Amino acid sequence: MKLTLRIWRQASPEAKGKMQKYVLDDVEPDMSFLEMLDVLNEKLVMDDKDPVSFDHDCREGICGSCAMVINGTAHGPQKNTTTCQLHMRHFSDGDTIDIEPWRARAFPVVKDLVTDRSALDEIIKSGGYISVNTGSAPEAHAIPVDKVSADDAFDAATCIGCGACVAACPNGSSMLFTAAKVTHLGLLPQGQPERATRAMNMLAKQDELDFGGCTNVGACHEVCPKGIPLASIAQLNHDVLGATLTGARSD
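In what follows, the accompanying structure is described. Keep in mind it's a predicted model, so treat the numbers as computed, not measured.

Some details on the packing of aromatic side chains
Piece 1. Counted under the stated rule, the structure contains 2 aromatic pairs.
Piece 2. Where Phe 33 meets Phe 91, the ring centres are 5.9 Å apart and the plane angle is 45°; that geometry is what we call tilted. With a gap of 58 residues between them, Phe 33 in helix α1 (residues 33-46) and Phe 91 in the loop between β4 (73-74) and β5 (96-100) connect regions that are remote in the sequence. Each member of the pair, Phe 33 together with Phe 91, is buried.
Piece 3. Plain terms: the ring middles of Phe 107 and Phe 211 are 5.9 Å apart, the flat faces sit at 85° to each other, and that makes the pair edge-to-face. In this pair, Phe 107 sits in the loop between β5 and β6 (109-111) while Phe 211 sits in the loop between α6 (195-208) and α7 (219-223), placing the two residues 104 residues apart along the sequence.
Piece 4. With relative accessibility at 6%, the residue Phe 211 sits in the buried group.

Here it is in structure tokens:
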């Protein structure tokens, strides 16, 4: 395939960015999207030009590193798929593809398609943990967990922290991310000691870090590569309300 790529180029956080046009020939349908960018970068390096910077790591849809908006959609056109697992067979010969970084106040551009998503780590640090006694591992079946709670917790725990929900939200809200992290711990017995303060602390940290508020648009769920359900946000709101009514205080 022959493709025209229009890629956001920005030399530094302070520099003014712009869309740069590239034409790439001989793109194989079985290439992943990142492999296609690798081919482009090889050509740029051969031409003594600066390659396109983009985040990547495992390239298996697990780590959440790959983050780019493709033709206006976070992670691209394939639903429940990360950028690294998106293949070029979903595009056609002659297509023009626009590639941009995550757009959110909380995710400043570092260079080209690379953004600083450390704000998500700060939300995790504010409450994404449980209290346990140190020592040998406990017996796996020592604490019974009902199947419904286990399944719902597992669904929330599949969040890979890529930030697509933030990029898709018109408000730049991280509510789906925060809700997934609160829910997957709060539904299990091990997460009960901090359940109330966890919800309060993580929501407060989210607001502190300049993420927008949630208005239930639902765009976050549509682009989430792991299909985190909107019910997670309802669960977070439930926990926050419960914490408020019982007088729990955030740290």
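Back to the write-up after that little detour.
Quick look at unusual backbone geometry
Piece 1. Despite not being glycine, Asp 48 shows a phi value in the positive range, around 60°.
Piece 2. For Asp 48, the location among the structural elements is in the loop between α1 and β3 (69-70).
Piece 3. Taking relative accessible area as the criterion, Asp 48 reaches 74% and is therefore assigned exposed.
Piece 4. Phi at Asp 112 takes a positive value of approximately 50°, unusual for a residue other than glycine.
Piece 5. Relative to the elements of secondary structure, Asp 112 occurs in the loop between β6 and β7 (114-115).
Piece 6. The exposure class of Asp 112 is buried, given its relative accessible area of 2%.

Thoughts on the layout of surface pockets
Piece 1. Considering only enclosed or pocket space, the largest pocket measures out at about 190 Å³ in volume.
Piece 2. Lining the largest pocket are Ser 131, Val 132, Pro 138, Glu 139, Ala 140, Ala 142, Ile 143, Val 145, Pro 189, Gln 190 and Pro 193.
Piece 3. By residue class, the composition of the lining of the largest pocket is 8 nonpolar, 2 polar and 1 charged.
Piece 4. The space that makes up the second largest pocket amounts to roughly 160 Å³.
Piece 5. Considering the residues around the second largest pocket, the lining is formed by Cys 63, Gly 64, Arg 117, Leu 120, Asp 121, Ile 124, Ile 160, Gly 161, Phe 177 and Lys 181.
Piece 6. Broken down by secondary-structure element, the contributors of at least two residues to the lining of the second largest pocket are α2 (118-125) and α5 (175-186).
Piece 7. The biggest single contributor to the lining of the second largest pocket is α2, with 3 residues.

Considering the packing of α2 against α6
Piece 1. The interhelical angle for the contact between α2 and α6, taken along N-to-C directions, is 155°, at an axis separation of 8 Å. The orientation of α2 with respect to α6, classified from their angle, is roughly antiparallel. The way α2 lies across α6 gives a crossing that is right-handed. Side by side, α2 and α6 meet where Glu 122, Ile 123 and Ile 124 of the first sit next to Met 202, Lys 205 and Gln 206 of the second.
Piece 2. Classifying every residue of the contact of α2 with α6 gives 3 nonpolar, 1 polar and 2 charged.

A word on the environment of Gly 127
Piece 1. For Gly 127, the location among the structural elements is in the loop between α2 and α3 (147-157).
Piece 2. Contact partners of Gly 127, with chain neighbours within four places excluded, come to Leu 185, Arg 198 and Met 202.

Re α5
Piece 1. Spanning 12 residues, α5 covers 16 Å between terminal C-alpha atoms, matching the ideal 16 Å at 1.5 Å per step.
Piece 2. Most of α5 is tucked away, with 11 of its 12 residues classed as buried.
Piece 3. Of the surrounding secondary structure, the elements contacted by the buried residues of α5 are α2, α3, α4 (164-168), α6, α7 and α8 (231-245).

Considering α6
Piece 1. With 14 residues, α6 should cover 20 Å at 1.5 Å per step; its first-to-last C-alpha distance of 20 Å lies within 8% of that length.
Piece 2. Restricting attention to buried positions, one finds in α6 the residues Arg 198, Ala 199, Met 200, Asn 201, Met 202, Leu 203, Lys 205 and Gln 206.
Piece 3. Asp 210 occupies a position one or two residues after α6 and carries a positive phi of about 75°.

Focus: the nonpolar core
Piece 1. Residues Trp 102, Phe 107, Leu 176, Phe 211 and Leu 236 are the most contacted members of the largest nonpolar core, which totals 36 residues.
Piece 2. Breaking this core down by element, the ones donating at least two residues are α2, α4, α5, α6, α7 and α8.
Piece 3. Residues lining this core come from more than one domain, with at least three contributed by each of domain 1 (3-111) and domain 2 (118-245).
Piece 4. Within the second largest apolar cluster, 26 residues are counted, among which are Leu 3, Tyr 22, Leu 24 and Val 27.

Reading the values: rules and limits
Residues numbered from 1 in each chain as written. Predicted model: local features only at pLDDT ≥ 70, side-chain atom pairs only at ≥ 80, totals over all residues. Heavy atoms only, no water. Phe/Tyr/Trp six-rings, centres within 6.5 Å; stacked < 30°, edge-to-face > 60°. Helix = DSSP H or I, 4+ residues; strand = E, 2+ residues; numbered from the N terminus. Buried < 20%, exposed > 50% of the residue type's maximum accessible area, 1.4 Å probe, protein only. 1 Å grid on protein atoms, 1.4 Å probe; cavity = no way out; pocket = protein on both sides within 12 Å on 5 of 7 lines; lining within 4 Å. Points joined across faces, edges and corners; volume = space filled by probe spheres on them. Nonpolar A, V, L, I, M, F, W, Y, C, P; charged D, E, K, R; others polar. Axes fitted to C-alpha atoms, helices over the stretch in contact; angles between N-to-C directions. Parallel < 35°, antiparallel > 145°, perpendicular 65-115°, else oblique. Left-handed = near helix turned anticlockwise from the far one by under 90°. Contact = heavy atoms within 4.5 Å. Expected span 1.5 Å × (residues − 1). Core = buried A, V, L, I, M, F, W, Y, C linked by side-chain atoms within 4.5 Å. Domains from an automatic or database assignment.

All we've got here are geometric facts, nothing functional implied.
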